[in-house]
Amino acid sequence: MESMKTIEVDGNGLGSSVDPLPFARRYQIEALEKAIKENTIVYLETGSGKTLIAIMLLRYYAHLLRKPSPFIAVFLVPQVVLVTQQAKALKTHTDLKVGMYWGDMGVDFWDAATWRNELGKNEVFVMTPAILLNGLRHSFFKLNMIKVLVFDECHHASGKHPYACIMKEFYHGQLRSNKSNLPRIFGMTASPIKTKGLNELMHSSCCFPVYIMLNGLRFWTFYQLFSQNLGTTLTHTCGKNLTELENLMNSKIYTSVSEDVLAEYVPFSTPKLTYYKDMDIPSSLFQSLSEKLVILKNKYERSLERLNIMASTKESAKKKISKLFSAFLFCLNDLGIWLALQAAEFSVCDDMDICCWGRLDLSSEEIIKNFNKDASKLISTYMSSVQEHLVGDNLEADAESGFLTTKVICLIRSLLEYRHLKDLRCIVFVERVITAIVLQKLLSKLLPKLSGWEAGYIAGNASQLQSQSRRVQNALVDEFRNGTVNVIVSTSILEEGLDVQSCNLVIRFDPAATVCSFIQSRGRARMQNSDFLLMLRSGDDKTLSRLRTYLDSGKVMREESLRNASLPCAPLKSSLDEEEFYWVESTGAIVTLSSSIGLLYFYCSRLPSDGYFKPAPRCCIDQLMETCTIYLPKSCPIQTVSVQGNAKTLKQLACLETCKQLHKSGALTDNLVPQIVEEEAVVAEDENMPYDDEHATYYPPELVNPSLEHSDQKYHCYLIKLDQKYEYEVPPEDIVLAVRSELEYDVGNINFDLQVDRGTMTVSMSYIGVIHLNVKLVLMCRKFQTTLLRVLIDRTIDKVKEAFDRCEVNNQMLDFLMLPTTKSREIPPTIDWKCLGSVFFSHENASNHMDCFLPRMHTKSGYVCACTLENSIVYTPHNSHLYCITGILGELNGNSFLSLENGGLVTYKEYYRLRHGIELKFDQEKLLKGKRIFVVQNYLQRCRQKKEKGNNPKKVSSPLHYESSNTTVELPPELCVIFMSPISISIIYSFSFIPSIMHRIESLLLAANLKKMHLDHCKLNDIPTSKVLEAITTKHCQEEFHLESLETLGDSFLKYATSQQLFKTFQNHHEGLLSIKKDRIISNAALSKLGCDRKLPGFIRDGSFDPKKWIISGDQSRSHAFDEEYVSNTRKVYISERRKMKSKRIADVVEALIGAFLSTGGERAALTFMKWLGINVDFVKIPYERDFPVILKRHVNVSYLESLLKYSFRDPSLLVEALTHGSYMLPEIPRCYQRLEFLGDAVLDYLVTIHLYHEYPGMSPGLLTDLRSASVNNDCYARSAVKAKLHQHILHSSQQLYKHIVDTVDSFDKLHLETTFGWESESTFPKVLGDVMESLAGAILVDSDYNKEVVFRSMRPLLEPLITPETMKLHPARELTELCQKKHYTIKRDIKSQNGKASVTIEVEANGVKYKHTSTSDKRTAKRMASNEVLKSLKESNCLDR
């Protein structure tokens, strides 16, 4: 016998001395020292602090675990509930990084990369053992990377438990190979023996004191537990089991010499026996009720037989009825009639459904519910309502009547014995979940009035008898700790590991099944002077003997552990030496005979499925030939695998061979996980990639010039003609835009409309030549446009002087000039230099004006000629307003009368004295005709005219000061300061449109730069700049156009191009894998990343234009630095600002740009652009390799279907594949329609979208999206399939699908057939019907060498009538939402789901009235129907017209 190897640690070695926690106990330090030297199992009682020893061991190894070390420690716990508990302790007492892992986190679907990420973050992994076992098998973990491996509750290590498999499959194999880098093993248990094998031992050689309660009397007695011979047998059996555990764990047991050593620190509960009389409920009553329950059970089983449902569903429903029947019968016999009634009533309860074993057919669910109700009624007939209410008031009478059994009464009396305890915490352990549920109901009824205690229950959430969540369980334990709940009735879930230190009484209502269960349940009583009460039926010698064995087992196990302490561990054969396995050399992943079945089922579970078919392998064993054949679902690359071998392991051999072949075909990766798992992990990683939402906003370089040389400057001039499509007293003047660079033709020759309050202003732009300006003229032009535009935008002169003074020749960034023209219609137009000079107006120049015969006037700027005032901008300091002066009012002066709003009259002179405290000095001078300065607005905004018309003008107190841009006012000249002169009102009016015009030009220039950036790589892929602008303009800009139509078009093309490429490239991949790969390419995260890589966010227009933020060329009064950024190697732009942008917005623009290239340049242009982005797809034809040896006429009517489709198949087997559902398991048809559906879904979507786009070219941007949504959906396709009677040709083997199709066809005639909508249907169409339409489209596409026109020509008649803008209806849910938003109605939605069904309640409050409807179906249908009904109610009440 070899001795156990001492495992040395790599690195610089461990610490030279133990550094225990300061509050560690002596025996904990001893155990720690032993664990440091060798692999150790610590066997100590519950509450003795075993976890603390493990923590100190991890602290000892901590320097080897801290990152960036590649090593980790693993802390295994047998229950999920213990993961958080142990992790919390580790975080409290160490500084190590602790990760928590359990099944519900989805770790089964993690790939190697995900685990590598976890290994890079955490140092201690707290997990359930199956996760580590799977990780080792798939080679996500290597044993040599684990420095410490902790097994909590290590007594589970036996048989096929994951603890045992970890040691057998991995540890012992490497141990025998003399590997020195194995982990330190540390086990913890309160009972190293879990077996039931000691139960037959009846006596002991020693005496044990036991406290007895019988008929209310209490006394001590001594039991002679074992004879000498049987004591020896017990010792031998214990020793054997302990040795087996030590050998398996390659560890030696450490324990205390006796309980006395621990007693100083750990409180031990006192074991007490309490007997209850051996008295059942009256036999006549039991026989009568049980017979009637049998009759009831048979009745409902016959009802199930009559149902037209799948055999498997029928069998499942029968099992549920049988389990319910057994539960009721058990409660009746063991607990009494009252508790049996509680079980039946509990089963009927909606919120805690006793029959929640999974989803069933609706009709079978109804039968089960009716069985529950009738069982409840039947049991209740044996108790009157008065008797039911009085149960517990007279326990003897309850026992005699059979309402409660003597066992239940014993529990109640035992609890009441502890009424004297001020703060009771009691756990009552029971064997069955239903016992816990109904006992809690009884105790909750009796205890509050008898003792003031509250009761609750906890049962394992894996049970099929209840649906108690872990959150509820944890909350109840917290209430137990703080005293809100005093008594918990629990199954074995509370026996193990869960820390409930406040417990001072444990009652075993049902005997413990094993020694381990006995010891651990006893250990739950953690308080000082606590009791461990064992309930026992009088005369039950067998159970009494078992309890005697349990009571003495602790001492025997301790003695045997100490006796074997010096013996070495024996070598253990690896399980891999005993069974076949398959090993992947590249990764070290392994699958064994015993794990192959689980792996194969896991692989099949990740194949595509639907509500009618769950893919699973089918195993057929020929006992005579000793062969086993595995039939795999049709979506597998392998269809059948056959092996010969030993009958005992034949299925395992077949599964192992299948796993091997799946790996070789690529369906399983080198880590032996389904390929889809790795693909999903990559998608998740892509989606979780950090995204920086801050992006630059670009400015076109054509309008930027960093410096101005001191010489003549060349400017390219563009005439901006303003064509006013409405009547207005002020006509606009044309304006010249002068820029340093010649613009692209489709930018410099644009036409677009401005939405002015009164109508539409058409802007036309054309190139008129070159002009050379010296520095002085450039400076004058800049000062003019800066001053005038600042006045128009700010409507004040407060900051204008600063802007004027800071306008210099040098240090300018923006360099474009807006030049006024004269009224002459010359071509090219004449620049109005006189107007440009108005910015330099001075009193001196005006006073030297000698050639005019007009009178002079007194102003705040001096005594000036009236002609200087006639075309000027003046400022009135008394009210800080700016006005355009358009003439002299010859008939009015300061003494003229002004009509007031109230009908009174007052002179202008009196008005200014009374209103402003101003005395007019020159009241004889004529008044000026003024107009408030024009308001600069966003004239690109759509629907501006409607919005302006809808706004009521504000009422003002004085007619004189109701000064909108339409209002003329009368001004005394002496109150005016001349600001600019001469400048006509037409020029001022025209310049009020400049910010909007320039914003459009700037946007077009950005679009042109984006296009040129692409053309640098793809010279011939040119499209109109206006289309690029449309693609980069979002809804938020609120302009006449936006990207939505192009986005819809691009999305459909991208989906099709990607789908056909994947379909051709990965011909062995099932639909699920193809969909994952497609999502990786076309997901928002992927598209956003591609867009960011190409620096698209800077080009995107994502907000409504605000003229106040527009940057004026020449204006240095505001700080706006422009930084250069190269968007390619040779092309640069400027950054004007930074902003936040969601990744989806970028993805939308990418799709819209694809749509832009597609709509103007065709598919080749779109593919070229996609390639530039980084999406490498093409339309190169690849042969579709198929092995489909099938006799077609046996399965489908080819000639009929070809005539229906108006297409003759070159390969008719594609037609068979397109009509084969996954449930059709005949081996001669090797594939189902899922791959063709994947392809057909994309091509139909694209064909319908492109048809709608070209059929209705003038539609609004959002209409294409709505039309597409209404046309391309499963309901439309399903209705088309039923109309064409395609459902009669689908090959399937699902009774549920057959029934659903029959129901659909029956209700089909009730629907309106004018359109292919499905909004009116009250039921859901089977998805299979829509899938078949798509798969047929895919089949035709493949057979026709990807000729899309052929597909549309063939499928269009089936889809007719196609939806048009006139026939389109919005989905009711969307229509209702938009209505409520428009009318400002309040809408509330409530969705409740249970057993696969959803109950959707929608309530709308309109004009003080509530409209409410509830629909129950699947979630999608219920939401649609509820919305539809509420809409009907609103229409009937005329709420839509208000």
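Each remark here, short or long, concerns the structure printed above.
Residues numbered from 1 in each chain as written. Predicted model: local features only at pLDDT ≥ 70, side-chain atom pairs only at ≥ 80, totals over all residues. Heavy atoms only, no water.

### A short note on the environment of Tyr-1056
Rule in force here: Counting from the N terminus, the helices are the DSSP runs of H or I reaching at least four residues and the strands are the DSSP runs of E reaching at least two. Whether two residues are in contact is decided by their heavy atoms: any pair within 4.5 Å suffices.
The topology assignment puts Tyr-1056 in helix H35 (residues 1044–1065). As a C-alpha pair, Tyr-1056 and Leu-1247 span 191 residues in sequence and 9.3 Å in three-dimensional space. Other than its neighbours up to four places away in sequence, Tyr-1056 contacts Phe-1179, Ala-1242, Val-1243, Tyr-1246, Leu-1341, Tyr-1346 and Lys-1348.

### A few points about the packing of helix H47 (residues 1372–1383) against helix H48 (residues 1419–1436)
Our working rule: Whenever a helix is involved, its axis is fitted only over the stretch in contact; in every case the axis is a line through C-alpha atoms, and angles between N-to-C directions fall within 0 to 180 degrees. The labels follow the angle: roughly parallel below 35 degrees, roughly antiparallel above 145, roughly perpendicular from 65 to 115, and oblique for the rest. By convention the crossing between two helices is left-handed if the near helix lies anticlockwise of the far one by an angle smaller than a right angle, and right-handed if it lies clockwise. Throughout, the ten residues Ala, Val, Leu, Ile, Met, Phe, Trp, Tyr, Cys and Pro are labelled nonpolar, Asp, Glu, Lys and Arg are labelled charged, and all others, Gly among them, are labelled polar.
Where H47 contacts H48, the axes come no closer than 8 Å and their chain directions differ by 45°. Classified by the angle between their axes, H47 and H48 sit oblique to one another. The hand of the H47/H48 crossing is left-handed. Between H47, through Pro-1372, Ala-1373, Glu-1375, Leu-1376 and Leu-1379, and H48, the contact on the second element is made entirely by Lys-1423, Arg-1424, Ser-1427, Asn-1428, Val-1430, Leu-1431, Leu-1434 and Lys-1435. Grouping the amino acids of the contact of H47 with H48 by side-chain chemistry returns 7 nonpolar, 2 polar and 4 charged.

### Structural notes on the environment of Lys-1285
Considering the arrangement of structural elements, one finds Lys-1285 in the loop between helix H43 (1274–1283) and helix H44 (1295–1308). The spatial distance from the C-alpha of Lys-1285 to the C-alpha of Val-1305 is 9.2 Å, given a sequence separation of 20 residues.

### Some thoughts on helix H10 (residues 311–334)
Let me state the cut-off plainly: Take the residue count of a helix, subtract one, and multiply by 1.5 Å to get its expected span.
Here H10 spans 34 Å end to end across 24 residues, near enough to the 34 Å set by a 1.5 Å rise per residue. Gly-336, located one to two residues past H10, shows a positive phi value of around 115°.

### Here we look at a negative patch on the surface
Rule in force here: Patches in this entry comprise residues that are over 30% relatively accessible and not in a salt bridge; like charges within 9 Å are linked, as are nonpolar side chains (Val, Leu, Ile, Met, Phe, Trp, Tyr) within 5 Å. Accessible surface area values rest on a Shrake-Rupley calculation with a 1.4 Å probe, where residue burial reflects the displayed protein chains alone. Within this document, salt bridges are pairs made up of a side-chain nitrogen of Lys or Arg and a carboxyl oxygen of Asp or Glu, the two lying within 4 Å of each other. Residues scored as charged are limited to Lys and Arg (positive) and Asp and Glu (negative), so that His and the chain ends carry no count. The location of each charge is read from NZ of Lys, CZ of Arg, CG of Asp or CD of Glu.
Residues Glu-685, Asp-686, Glu-687 and Asp-1079 make up a contiguous surface patch of negative charge. It is helix H23 (residues 675–687) that provides the largest number of residues to the negative patch, a total of 3 residues. By secondary structure assignment, the location of Asp-686 is in helix H23.

### Looking at the sheet that holds strand E4 (residues 124–127)
The following threshold applies: Strands are treated as partners if at least two bridges between them are detected by DSSP.
The strand order across the open sheet formed by 7 strands is E3-E4-E2-E5-E6-E1-E9, and the pairing between neighbours is parallel. In this open sheet, the two edge strands, each paired with only one partner strand, are strand E3 (98–101) and strand E9 (252–255). Averaged over all adjacent pairs, the angle separating strand axes in this sheet is 20°, with direction ignored. Sheet analysis places E3 next to E4, joined by 4 bridges and oriented parallel. By the bridge assignment for E4, Met-100 is matched with Val-126.

### Re the pattern of salt bridges
Taken as a whole and assessed by the stated rule, the structure comprises 63 salt bridges. Taken together, the shared-partner salt bridges connect Asp-1051, Lys-1055, Asp-1241, Asp-1245 and Arg-1268 into one network.

### Digging into the packing of aromatic side chains
Quick note on the threshold: Any Phe, Tyr or Trp ring, taking Trp's six-membered ring, that has another such ring centre within 6.5 Å forms a pair; planes under 30 degrees apart are called stacked, those over 60 apart edge-to-face, and the others tilted. When a residue's accessible area, from a 1.4 Å probe over protein chains only, is under 20% of the maximum for its type it is buried; when over 50% it is exposed; and in between it is partly exposed.
Scanning the model with the defined rule gives 31 aromatic pairs in all. When the ring of Phe-518 is compared with that of Tyr-550, the centres are 5.3 Å apart and the planes differ by 45°; the resulting orientation is tilted. Taken together, the positions of Phe-518 in helix H18 (residues 515–523) and Tyr-550 in helix H19 (residues 541–563) put the pair 32 residues apart, joining distant regions of the chain. By relative accessible area, which is 2% here, Phe-518 ends up buried.

### Examining the sheet that holds strand E26 (residues 816–820)
Judged by pairing direction, the sheet is antiparallel, and its 5 strands sit side by side in the order E24-E25-E22-E23-E26 without closing on themselves. Of all the strands in the sheet, the pair left with one neighbour each is strand E24 (751–756) and E26. On average, each strand axis in the sheet is tilted by 30° relative to the strand beside it, whichever way the strands run. In terms of strand pairing, strand E22 (residues 713–724) meets strand E23 (residues 735–739) through 5 bridges, oriented antiparallel. Residue Ile-720 lies in a different strand from E23, and its bridge partner there is Ile-735. Here helix H25 (residues 775–794) sits on the sheet and contacts E22, strand E25 (759–773) and E26; the angle it forms with E26, its principal contact strand, is near 75°.

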